[in-house]
Amino acid sequence: MTLTAVSAATLRELSRRRVALLFVFVLPLVFYVVRVEVPWQALRFLALGIGWAVATLALFSHVGARRLDQRLGVIGASPTGLFFGRQLAVVVTGLGLAGIYFVIVALTQEIPRLPALALLLVTTVLISAPLGAVVSLVVPRELEGALALLTIMTLQLLVDPADAVAKLLPLWSTRELSAYAIEPVGEDYLYRGLLHFAVTLVLCVLLAWVVSYFRLRPVRLLPPA
Amino acid sequence: MMSPQEWGSQLVAHLLEAGIEPEQARLLAQDSVAEAESAGEDPAALYGPAVAYAYVVGQTLRAPIAAPLDRARGAVVLRLTEVTKRYGRRTVLRGVNLTLHGGEVAAVVGANGSGKSTLLNICAGSTRASGGTVERTPRVGYAPQQYGVSPFLTAQEHFRLFGAVHRMSGRKSVATGSRLAQQLGWLPRRDIVAAHLSGGTQQKLNVVLSELNRPDLVLLDEPYQGFDQHTYLDFWDQVFAWRDAGAGVLVVTHLLHDLDRVDHLLELPKADES
């Protein structure tokens, strides 16, 4: 019950931040448009833009709700329900964004493997929501957290994806999946991308969930004897 | 000179602010103006300023709503034994003791930096004590001093969210929250998010959320900041109504008003740096 109520409340909160939502839409668009002449780059940049926007949304959602969630935890809300409730709302919003860009890309590019495009966008959203939560827990202030995300995304954009170190970055899978969607490459790209996605997703979700569980769990107090 | 109609309009506006339903407010204003006219008096001369009359009428109408709720009395709801809190070398709380029963009010007073909010957070469970023991009933209501509400949610959405935690249906949460709001002289509107409420009204929302599930213990951290004089008095009336209904209430305060009516006064000394 907590999960659905928190999720519904978070969606309402997000829906009222219209200017923020506008920029959540504009950011990936800018990334896409500046590389639209080079399709594989346009796809990868679009995915990174969506990832950045969704991670930022998650960051602000978790940081902004921290005190309220602590209060809800004190009166009995499950820390797990609070965490996944906020995550669910961000993922739903991110999937809506991904859906819009799926249509835009399908209409403006020749994509040989359309399902792979959907996979690219969905996996990006699924990684980015817990990634934003992880950053919100490590750097629990909005400005500092946004700068931390900026650093991660700048690295993601500038580091050569072929470099072994690049695989340590959370959205490396976008390179493999965007190549698989648009270029005549083998399925090894798909498998490598999905493997990286799965490992990153599990790590981010586990880390964010465990840390937020301990942050939101109130001290256990015994009833008076 | 204000016409009777203008006085009546002002009375309606003030009654609405005091949490009276619009239809009832209009009828009351009509009756008041008609009564003054039949007595051959100007309503302002007969009843006084509309704002003052609205307050009196509002209090009278709210009185039956504030009837004590049916709750068990007397059991210990909070026991603090030699509670201490240190941050590094700084001792904020030293050997705090308190036993609070249902049906009692305790006020925590002290200078700025004496650890009042820290103590309340320890009672709530959001901060861990460095030493001593804290025993507390699990059914607790908690109103922190700041950031206890979401700026982007309306009052009704808050009621539903908090009600869900207490496993109340959405309808029951909104009905209970609206009724409690009226006791504080506030009629929540459906279309206004918390960020657009005045500071005092945000605090009313904060207080209402702490009482939504009729807890056995209510923890309040200076919740009256931003209240006007009338609301401040309504707030203390509400605190004593909860006490009379059997709940234990712990209020952090720096104001000495009404402290002669509380059952326990816990004065915290200024924290030391040693």
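Computed from a prediction, not measured in an experiment: that's the story for all the values here. (Residues numbered from 1 in each chain as written. Chains lettered and ligands numbered in written order. Predicted model: local features only at pLDDT ≥ 70, side-chain atom pairs only at ≥ 80, totals over all residues.)

## Re the interface of chain B and chain A
- Contacts between the two partners involve 29 residues from chain B, matched on the other side by 25 residues from chain A.
- Of all elements in the fold, only β1 (76–87), β4 (131–136), β5 (140–143) and α6 (155–165) of chain B reach the threshold of two or more residues within the side of chain B that touches chain A.
- The element that contributes the greatest number of residues to the side of chain B that touches chain A is α6 of chain B, accounting for five residues. (Contact = placed C-beta atoms within 7 Å. Helix = DSSP H or I, 4+ residues; strand = E, 2+ residues; numbered from the N terminus.)

## Observations concerning unusual backbone geometry
Residue and element names in this part refer to chain B.
- Despite not being glycine, E82 has its phi angle at roughly 50 degrees, a positive value.
- A positive phi angle, near 60 degrees, is found at Y147, a position not held by glycine.
- Within the element layout of this structure, Y147 appears in the loop between β5 and α6.

## Observations concerning the environment of Q238 of chain B
Residue and element names in this part refer to chain B.
- Of note, Q238 is situated in helix α9 (residues 229–244).
- Taking the C-alpha atoms as reference, Q238 lies 16 Å from Q225; in sequence the two are 13 residues apart.
- Excluding residues that lie within four positions of it along the chain, Q238 makes contacts with Q183 and L184.

## A look at helix α2 (residues 22–38) of chain B
Residues and elements named next belong to chain B.
- The first and last C-alpha atoms of α2 sit 24 Å apart over 17 residues, in line with the 24 Å expected at 1.5 Å per residue.
- Those residues of α2 not exposed but buried are A25, L28, A29, S32 and V33. Down the axis of α2, the buried side of the element spans an arc of 125 degrees, and every buried residue falls inside it. Those residues of α2 that are exposed and angled more than 90 degrees off the buried face are E23, D31 and S38.
- With its phi angle positive at about 70 degrees, G40 sits one or two positions after the end of α2. (Expected span 1.5 Å × (residues − 1). Buried ≥ 20, exposed ≤ 12 C-beta atoms within 10 Å, placed from the backbone. Arc of directions from axis to C-beta.)

## Regarding the sheet that holds strand β8 (residues 264–268) of chain B
Residues and elements named next belong to chain B.
- Sheet architecture is open: five strands sit in the order β5-β6-β7-β3-β8, paired in parallel fashion. This sheet does not close on itself; its edge strands, each paired only once, are β5 and β8. On average, each strand axis in the sheet is inclined to that of its neighbour by 15 degrees, with strand direction left out of account. (Pairing = 2+ DSSP bridges. Axes fitted to C-alpha atoms, helices over the stretch in contact; angles between N-to-C directions.)

## Here's the deal with the packing of helix α8 (residues 173–182) of chain A against helix α9 (residues 187–216) of chain A
Residues and elements named next belong to chain A.
- Two elements in contact, α8 and α9, have axes separated by 8 Å at closest approach and are oriented at 150 degrees. By the angle between their directions, the pair α8 and α9 is classed as roughly antiparallel. Where α8 crosses over α9, the handedness of that crossing is left-handed. Side by side, α8 and α9 meet where S173, E176, L177, A179 and Y180 of the first sit next to Y189, L190, R192, G193, H196, F197 and T200 of the second.
- Grouping the constituent residues of the contact of α8 with α9 by class yields six nonpolar, four polar and two charged. (Parallel < 35°, antiparallel > 145°, perpendicular 65-115°, else oblique. Left-handed = near helix turned anticlockwise from the far one by under 90°. Nonpolar A, V, L, I, M, F, W, Y, C, P; charged D, E, K, R; others polar.)

## Re the nonpolar core
- Of all hydrophobic cores here, the largest spans 70 residues; its most connected members are C123, L219, V249 and L250 of chain B.
- A total of six residues in this core trace back to one element, the largest contributor, which is α6 of chain B.
- Beyond its immediate stretch of four places on either side in the chain, C123 of chain B contacts L78, V134, R136, L219 and L250 of chain B.
- Within the second largest apolar cluster, 54 residues are counted, among which are A55, A129, L149 and A181 of chain A. (Core = buried A, V, L, I, M, F, W, Y, C linked by C-beta atoms within 7 Å.)

## What about the packing of helix α7 (residues 170–183) of chain B against helix α8 (residues 199–211) of chain B?
Residues and elements named next belong to chain B.
- With their axes 9 Å apart at the nearest point, α7 and α8 run at an angle of 125 degrees to one another. The orientation of α7 relative to α8 falls into the category oblique. Taken as a pair, α7 and α8 cross one another with a handedness that is right-handed. Mapping the contact onto sequence places G177, L180 and A181 in α7 and K204, V208 and E211 in α8.

## Focus on the sheet that holds β1 of chain B
Residues and elements named next belong to chain B.
- Within the open sheet, the three strands sit side by side as β2-β1-β4. Their pairing is antiparallel. If you trace the sheet from one side to the other, it starts and ends with β2 (90–101) and β4, each paired once. With direction set aside, neighbouring strand axes in the sheet form an average angle of 15 degrees.
- For β1 and β4, the ladder comprises five bridges, and the chain directions are antiparallel. Directly across from T81, in β4, lies its bridge partner T133.

## Focus on the confidence of the model for chain B
All names here are of chain B.
- Of the residues in chain B, 91% have a pLDDT of 70 or more, and the chain-wide mean is 85.
- When the elements of chain B are averaged for pLDDT, helix α4 (residues 50–62) gives the smallest value, 72, and α6 the largest, 97.
- Within the model, pLDDT remains below 50 along residues 64–72, and this stretch shows 16 contacts once partners closer than five positions in the same chain are excluded.
- Both confidence scores are given for the complex: pTM 0.83, ipTM 0.91. (pLDDT = per-residue confidence, 0-100.)

## Quick look at the domain arrangement of chain B
All names here are of chain B.
- By domain assignment, chain B separates into domain 1 (4–62) and domain 2 (73–274).
- Domain 1 and domain 2 are separated by 33 Å when their C-alpha centres are compared.
- Taken residue by residue, the interface counts six residues in domain 1 and seven residues in domain 2.
- Sort the elements by how many residues they give to the side of domain 1 that touches domain 2 and α4 lands first, with three residues.
- Looking at side-chain class alone, the side of domain 1 that touches domain 2 contains three nonpolar, two polar and one charged residues. (Domains from an automatic or database assignment.)

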